[in-house]
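Fold and geometry: a report
Below, each chain spelled out in residue letters.
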Amino acid sequence: MRRALITGITGQDGAYLAQLLLGLGYEVHGLVRRSASAGLARSRLIWLGIDEQVKLHDGDIVDLASLVRVLDRVRPQEIYNLAAQSFVQASWQQPCLTGLVTGLGAVNLLEAIRISGLDTRFYQASSSEMFGLSAQPRQCETTPFRPRSPYGAAKLYAHGMTVNYRESYGLHASSGILFNHESPLRGVEFVTRKITCAVARIKLGLQQKLRLGNLDARRDWGHARDYVRAMWLMLQQDSPADYVIATGRARSVREFCGLAFAYVGLDADDFVEVDRGLLRPADIDALTGDAAKAKAQLGWEPTIGFAEIVQEMVEADLRRTRELAGLGSDRPRACLPSKPTDSRSSQTMP
Ligand code: NDP
Ligand code: GDR
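One structure accompanies this document, and this report is about it. (Residues numbered from 1 in each chain as written. Chains lettered and ligands numbered in written order. Predicted model: local features only at pLDDT ≥ 70, side-chain atom pairs only at ≥ 80, totals over all residues. Heavy atoms only, no water.)

Another point: the site of ligand 2. In the vicinity of ligand 2, 21 residues are found, and the nearest of them are Ser86, Ser127, Tyr151, Arg280 and Asp283. Contacts to ligand 2 include asparagine 180, whose side-chain N or O atom sits 2.8 Å from an oxygen atom. Notes on ligand 2: free accessible area 700 Å², of which the protein chains cover 95%. When grouped by side-chain class, the residues that make up the shell around ligand 2 number 9 nonpolar, 6 polar and 6 charged. Among the domains, domain 1 (3-182 + 223-245) and domain 2 (191-219 + 250-287 + 304-324) are the pair contributing at least three residues each to the shell around ligand 2. (Near = heavy atom within 4 Å. Polar contact = N/O pair within 3.5 Å; in protein donor to acceptor, adjacent residues only side chain to side chain. Areas by Shrake-Rupley, 256 points an atom, 1.4 Å probe, with all protein chains shown as cover. Nonpolar A, V, L, I, M, F, W, Y, C, P; charged D, E, K, R; others polar. Domains from an automatic or database assignment.)

The 7 strands are arranged β3-β2-β1-β4-β5-β6-β11 in an open sheet whose pairing can be described as parallel. The open sheet terminates on both sides in strands that have one partner only, identified here as β3 (55-58) and β11 (242-245). Mean inter-strand twist for the sheet, computed between neighbouring axes without regard to direction, equals 20 degrees. As paired elements, strand β1 (residues 3-7) and strand β4 (residues 78-81) share 4 bridges and run parallel to each other. Directly across from leucine 5, in β4, lies its bridge partner isoleucine 79. (Pairing = 2+ DSSP bridges. Helix = DSSP H or I, 4+ residues; strand = E, 2+ residues; numbered from the N terminus. Axes fitted to C-alpha atoms, helices over the stretch in contact; angles between N-to-C directions.)

Before going further, it helps to spend a moment on the site of ligand 1. Looking at ligand 1, there are 23 residues lining it, with Thr10, Arg33, Asp60, Ser86 and Tyr151 nearest. At 3.1 Å from an oxygen atom of ligand 1 is found a main-chain nitrogen or oxygen belonging to glutamine 12. Burial of ligand 1 by the surrounding chains reaches 89%, relative to a free accessible area of 910 Å². Elements that contribute at least two residues to the shell around ligand 1 include exactly α1 (12-23), β5 (121-127) and α7 (150-169). Broken down by element, the shell around ligand 1 gets its largest block of residues, 3 residues, from β5. In the shell around ligand 1, the residues fall into 9 nonpolar, 9 polar and 5 charged.

The following block contains the structure:
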């Protein structure tokens with residue numbers, strides 16, 4: 001049985017990746033940092049119904065000793081480094097922490113692999129934020145990086161070190177340069193989930209307005225389930241490499257709002273307000289990926305379209321909000337998201 005270790009297993013991608021690997025017959029291990037609210041931290045794994053199938057190990061990406069110990073215990077054939085301070089906006093408030101976790105954390109893990117002498121494959125969660133203010137309308141693997149946030153700069157350091165460990169030590173280390181990907185398991189601070197949560201609450205009469213920052217920002221939004229499949233495919237290749245993963249089409253925050261409100265029969269213009277306090281010190285107007293290399297070499301293509309993502313997220317938030325507010329559901333079961341359905345799990349979702 002193949003063994004995989006996922007850092008960041010309690011996050012959106014970690015949970016979906018764990019589910020994918022379990023389905024492929026892997027023994028799945030995860031690194032989790034100590035929390036006073038451990039139950040909440042595991043809520044995504046519970047939501048997917050896989051919390052008892054994964055083996056969790058205490059450790060922190062900034063603590064090299066804990067990484068060496070976990071690697072020694074698990075001896076995985078594949079390591080996926082998804083742990084990060086991943087919220088771009090927060091990286092201006094906590095630039096040092098972001099550098100430590102999102103940047104140096106990856107190097108800790110690479111060093112732990114080298115110290116332990118493991119023959120393992122390594123995946124680094126790189127980001128389209130590294131492209132920043134790109135001069136090219138579509139970004140691919142050869143597009144120059146011009147990061148425009150402390151988060152983007154930290155990811156670029158981790159990305160560069162992953163390439164270095166590949167070239168210096170022959171490590172099978174691949175980097176996925178992933179564009180934005182969303183799902184019902186997305187953190188509530190990110191714009192898509194913030195919108196779908198608000199749509200559900202406004203529809204149910206629990207909220208009046210939705211305050212957002214830059215409505216004109218354009219992002220290339222895909223679905224997390226598609227994107228974790230790309231991560232796995234990268235580690236199945238004979239040779240390591242870097243790949244852009246994207247849909248190739250960007251939409252604005254305004255468009256996302258329009259579709260999400262329309263889905264529940266409301267007009268976004270009646271509810272969305274711009275709050276200048278939510279504008280970033282520096283934003284990226286538009287990011288659009290070119291995933292031609294991933295299609296040609298990995299056979300990877302997105303399967304879940306934009307409208308489907310919005311619909312799945314709105315439906316999930318309607319159901320969660322109804323349950324949390326103690327409102328009965330009058331919707332037919334078929335309209336609900338296909339996956340998790342038991343009330344225990346939806347109530348523990350953040
Ligand atoms: P999330 O924010 O949902 O998850 C981040 C994970 O990192 C959580 O499990 C968190 O644990 C863990 N973590 C944070 N700090 C530490 C630490 N010090 N030690 C150990 N674990 C830690 O991110 P996503 O799932 O959305 O993204 C996964 C990765 O992919 C991240 O690296 C992100 O930067 C990157 N990425 C994401 C994209 C996206 O659109 N989603 C696009 C491109 C890249 P806890 O639960 O305890 O907070
Ligand atoms: P991003 O995602 O910064 O691209 O990083 P986020 O959803 O936070 O922002 C996307 C765009 O929406 C604009 N925006 C707002 N964003 C938030 N969070 N809240 C708001 O109220 C709001 N209003 C407008 C932002 O300005 C931005 O332009 C995500 C993360 O998952 C990273 O970890 C990952 O690396 C990148 O995607 C690719």
